[in-house]
Amino acid sequence: MKKNITGFLFILILFAGCTFDYGGKGSEEDALPEIVMVNVEYVRVRSAGPLARIQAERFERYEKQSMMKMQEVTFEQYSENGEKVNIYGTAGRASLNIESGDIFMDDNVNLEIKSEDIILETYQLEWQDESKNLYSGENDDVFIFRENGTKFTGTGLHANTRTRMWEFLANARGVYVHDEKDTE
């Protein structure tokens, strides 16, 4: 019995002089989300009604970085009065900067923009809220369709939604169908 107590005391003294390094207190802790939820529906509302609705299989919120990260995302953006859906989209992953409103989506992005009668498909898209610019990856193929038969494809999309200027970096090709309503 005395031998077991002596061995136990030796181990206790050995561990008393040791410290365990569980990593730095800065960046690794910042990398952990404060909130993790599954099968989430997030609705952003203003006084006039809903602005946007996001559904995600996984939702992570990082307070220090002002960031929300989502997986298997479906989203809707409503018109200004909150009555009609203007943009409907899906993406495998998305991240939203809460402060700036910037959004990055990837893993097969699909957007339907009803006010522009456009369906857009690509691998990744980045929305910069302040400048109202939309970018795909420089080497990503982008497909744009309209109900009237217009269809374009190209590599590396840049769109400024304020000026309504859309351009490809390379390989632009397709068919544009002019409707009478396009001249309004």
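Please read all numbers here as calculations on a predicted model, not as lab measurements.

1. Some points on the confidence of the model for the chain
Piece 1. Of the residues in the chain, 82% reach a pLDDT of 70 or more, and the chain-wide mean stands at 84.
Piece 2. Within the model, the stretch residues 1-24 combines pLDDT values under 50 with three contacts to residues more than four positions away or in other chains.

2. Here we look at the pattern of salt bridges
Piece 1. In the structure shown here, the tally under the stated rule is nine salt bridges.
Piece 2. Among the ionic pairs, Glu41 bridges to Arg53, the shortest N-O distance being 3.9 Å. Placement of the pair is Glu41 in strand E1 (residues 35-46) and Arg53 in strand E2 (residues 49-62), with a sequence separation of twelve residues.
Piece 3. The exposure class of Arg53 is buried, given its relative accessible area of 17%.
Piece 4. Close ionic contact of Arg53 with Glu76 constitutes a salt bridge, the shortest N to O distance being 3.0 Å. Placement of the pair is Arg53 in strand E2 and Glu76 in strand E3 (residues 67-78), with a sequence separation of 23 residues.
Piece 5. Through salt bridges that share partners, Glu41, Arg53 and Glu76 make up one connected network.

3. A look at the side chain of Thr122
Piece 1. With respect to the secondary-structure elements, Thr122 resides in strand E7 (residues 118-122).
Piece 2. A residue is classified by how much of its surface remains accessible, and Thr122, at 7% relative accessible area, is buried.
Piece 3. Reaching out from Thr122, the side chain makes a polar contact with the backbone oxygen of Asp141 at a distance of 2.9 Å.

4. A closer look at the pairing of E2
Piece 1. As defined by bridge partners, E1 adjoins E2 across eleven bridges and the pair is classed as antiparallel. Within E2, the position partnered with Tyr42 by the bridge is Ile54.
Piece 2. Counted between consecutive antiparallel strands, the loop separating E1 from E2 contains two residues.
Piece 3. Taken together, the ten bridges between E2 and E3 define a ladder with antiparallel strand orientation.

5. As for the packing of aromatic side chains
Piece 1. Using the criterion set out here, one finds one aromatic pair in the structure.
Piece 2. Arranged with centres 6.3 Å apart and planes meeting at 25°, the rings of Tyr42 and Phe59 form a pair that is stacked. Separated by 17 residues along the polypeptide, Tyr42 in strand E1 and Phe59 in strand E2 bring together distant segments of the chain.
Piece 3. Over the face of the ring belonging to Tyr62 we find Lys69, whose NZ or CZ atom lies 5.1 Å from the ring centre.

Conventions we followed
Residues numbered from 1 in each chain as written. Predicted model: local features only at pLDDT ≥ 70, side-chain atom pairs only at ≥ 80, totals over all residues. Heavy atoms only, no water. pLDDT = per-residue confidence, 0-100. Contact = heavy atoms within 4.5 Å. Salt bridge = Lys/Arg side-chain N within 4 Å of Asp/Glu carboxyl O. Helix = DSSP H or I, 4+ residues; strand = E, 2+ residues; numbered from the N terminus. Buried < 20%, exposed > 50% of the residue type's maximum accessible area, 1.4 Å probe, protein only. Polar contact = N/O pair within 3.5 Å; in protein donor to acceptor, adjacent residues only side chain to side chain. Pairing = 2+ DSSP bridges. Phe/Tyr/Trp six-rings, centres within 6.5 Å; stacked < 30°, edge-to-face > 60°. Lys NZ or Arg CZ within 6 Å of the ring centre and 35° of its normal.

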